[in-house]
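Chain by chain, the residues run as shown.
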Amino acid sequence: MTSQDNGLGTSDHGAQAAGLRRVVRGRVSVPGDEGFDDARRAWNLTVDQRVGAVVEVEDAADAAEVVCYARRHGFGVAVQPSGHGASDGLDGEILVRTGRMGGVRVWPERRLARVEAGASWGEVLADAGKHGLTGLAGSSPVVSVTGYTLGGGLSWFGRRHGLAANSVRAFDVVDAEGAAKRVTAESDAELFWALRGGGGDFALVTAMEFDLFPAPKLYGGRIIWPADRAADVLAAFRDITAEAPEELSVWYAVMQFPPFPELPEPLRGLSAVVVDVTFLGESAEGRGLLDRFDRVPGVIADTRGEVAVRDLGGICAEPTLPSPSMMRAELLGRLDDAAASAFLSASAPGSGAPLASVQIRHLGGALSRLAPDAGACGNIREPYLVGALGITPTPEAAQAVRARQEELRLALALHTTGTKPFNFLAHEESAVSAFPGDVLARLRDAKRHHDPLGVFRGNHPMPA
């Protein structure tokens, strides 16, 4: 990415920087400043965040001052700890980075955690795991707890405990007028509902409190076969997920490992089929539930074993540094013979290039049940989620990835429902794709009520 001026002149940027520096203690960067391009960078380097200023706030008081400044001067505010989930469309907003707000506190006797807006899941799991507890974390240890949860939060343990958003008990926010508030089901039921899964378009969240869950024993890991075993492994995956208890989560993927020298020789440049698993329980029981995989020959690697909660983020070995990529996701209404055949044809070895991964996640269980006190994400009725990821270092690579993703989408069109979880929206997709019509209408009403001037701009904002 290169520096840009967003239609403002150099003197305007200087005035904006001076004004912000008068009211906040955190670091302020504007176009032309050294380090501005790094400060505005999205986690997905494909996304070009054309912001007018970046403020790395020190605390909630700093965040409130930024909102007041933005409101007075007619700027929008976008909020990101580290840029995960960033989308297209920013143009002149003030980008608030909350990464310096990393406080984590765990009350094990209450099974409750409080995190500031910049805390990552790796930090929370390290503390909670000491007490045999876990939060409803996803696959990456570097994703912020707050951003992930505002988008719903699809966890390894969602089949047992539901969406992460529904485990929240309170938010500390700065509202669109710059006032600090504590939001609960009792204090403001509608805003509390919208924040639990509706995205970051309603207020600036500075901290939140959420339930923790017992995880005294955790089994998990990754199994890898050569890609020519894809059909056999998918058949086993279907058998296992058809009867899996809610404590078991299984994800299947066809992957193309890069030819990087840091990868061990068996994986370097390998086309593979991969299964990632977690089980909330004893290792022997978990392994028994997965014995169908043990009957598929040709295993290249198997890391399954007892897993410490703090190490949960290492199962999928996801990148921990920003990179350019494109992701597409679809929810599968079923994974019957026809859907499995279509998936295998579209993701067969060689046909998936240049996609790095085509994954099927088993959902269901508590994710499918609508709790009476659920937030905006509610539940996910579909039993499976398909995601296709491609690395896009050049425009040509991006074009090729987009074409392959579209081929996969068309191949599965008869089996998908057209919706997707909020956190799995592609960077150019709209929130419209994540919510049924009645929920979207309610979220629009919440936006108009709580932010009538449009001060906040979430990663996937509510359409007007």
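All values reported here derive from a predicted model rather than from experimental measurement.

Rules and cut-offs
Residues numbered from 1 in each chain as written. Predicted model: local features only at pLDDT ≥ 70, side-chain atom pairs only at ≥ 80, totals over all residues. Heavy atoms only, no water. Pairing = 2+ DSSP bridges. Helix = DSSP H or I, 4+ residues; strand = E, 2+ residues; numbered from the N terminus. Axes fitted to C-alpha atoms, helices over the stretch in contact; angles between N-to-C directions. Contact = heavy atoms within 4.5 Å. Phe/Tyr/Trp six-rings, centres within 6.5 Å; stacked < 30°, edge-to-face > 60°. Buried < 20%, exposed > 50% of the residue type's maximum accessible area, 1.4 Å probe, protein only. Lys NZ or Arg CZ within 6 Å of the ring centre and 35° of its normal. Expected span 1.5 Å × (residues − 1). Arc of directions from axis to C-beta. Core = buried A, V, L, I, M, F, W, Y, C linked by side-chain atoms within 4.5 Å.

Undergrad: Tell me about the sheet that holds strand β6 (residues 112-116), and name the residues and values.
TA: Read across the open sheet, the 5 strands follow the order β5-β6-β10-β8-β9; overall the sheet is antiparallel. Both edges of this open sheet fall to β5 (104-107) and β9 (180-183), since each of them pairs with a single strand only. Pairs of neighbouring strands in the sheet enclose a mean axial angle of 10°, with direction left out of account. Sheet contacts for helix α4 (residues 121-129): β5, β6 and β10 (204-211); angle to β5, the most-contacted strand, approximately 30°.

Undergrad: Give me the lowdown on the environment of Gly200, citing residues and values where you can.
TA: Among the secondary structure elements, Gly200 is positioned in the loop between α7 (189-195) and β10. For the pair Gly200 and Glu318, spaced 118 residues apart in sequence, the C-alpha to C-alpha distance is 24 Å.

Undergrad: I'd like to hear about the packing of aromatic side chains, residue by residue, with values.
TA: Taken as a whole and assessed by the stated rule, the structure comprises 10 aromatic pairs. Aromatic pair Trp156 and Trp251: ring centres 3.6 Å apart, planes at 5°, arrangement stacked. Placement of Trp156 in the loop between α5 (145-150) and α6 (158-161) and of Trp251 in strand β13 (residues 248-256) is noted, with a sequence separation of 95 residues between them. In this structure Trp251 comes out as buried when scored by relative accessible area, which is 3%. Centroid distance Tyr252 to Phe343: 6.0 Å. Interplanar angle 65°. Geometry classified as edge-to-face. Here Phe343 lies in helix α11 (residues 337-347) and Tyr252 lies in strand β13, a separation of 91 residues in the sequence. For Tyr252, a relative accessible area of 0% translates into the label buried. Given a relative accessible area of 1%, Phe343 falls into the buried group. Here the aromatic residues Phe237, Tyr252, Phe343 and Tyr384 are joined through ring pairs into a cluster of three or more. Between Arg110 and the ring centre of Trp107, over which it is positioned, the NZ or CZ distance is 5.1 Å. We note Arg361 situated over the ring of Trp251; from NZ or CZ to the ring centre the distance is 3.7 Å.

Undergrad: Tell me about the side chain of Ser249, and name the residues and values.
TA: Within the secondary structure, Ser249 is located in strand β13. For Ser249, a relative accessible area of 2% corresponds to the buried category. Non-local contacts of Ser249, meaning those with residues more than four positions away in its chain, are made with Trp156, Arg159, Asp276, Val277 and Thr278.

Undergrad: An account of helix α12 (residues 395-411) is needed here, citing residue identities and associated values.
TA: Between its first and last C-alpha atoms α12 spans 24 Å; for 17 residues at 1.5 Å apiece the expected length is 24 Å, and the two agree. The complete set of buried residues in α12 reads Ala397, Ala398, Val401, Arg404, Gln405 and Leu408. Buried residues in α12, looked at end-on, bunch into an arc of 130°, giving them a common side. The outward face of α12, more than 90 degrees from its buried face, is lined by the exposed residues Pro395, Glu396, Gln399 and Leu410.

Undergrad: Go over the nonpolar core, please, and point to the residues and values.
TA: One finds Phe171, Leu195, Phe210, Phe435 and Leu443 to be the most contacted residues of the largest nonpolar core, which totals 54 residues. For this core, the secondary-structure elements that each account for two or more residues are β6, α4, α5, β8 (168-174), α7, β10 and α13 (437-450). The biggest single contributor to this core is α7, with 5 residues. Leave out the neighbours within four places in its chain, and Phe210 touches Arg111, Leu112, Ala113, Val115, Trp121, Val124, Val145, Ser167, Val168 and Arg169. Of all hydrophobic cores here, the second largest spans 39 residues; its members include Phe279, Ala339, Ile360 and Leu412.

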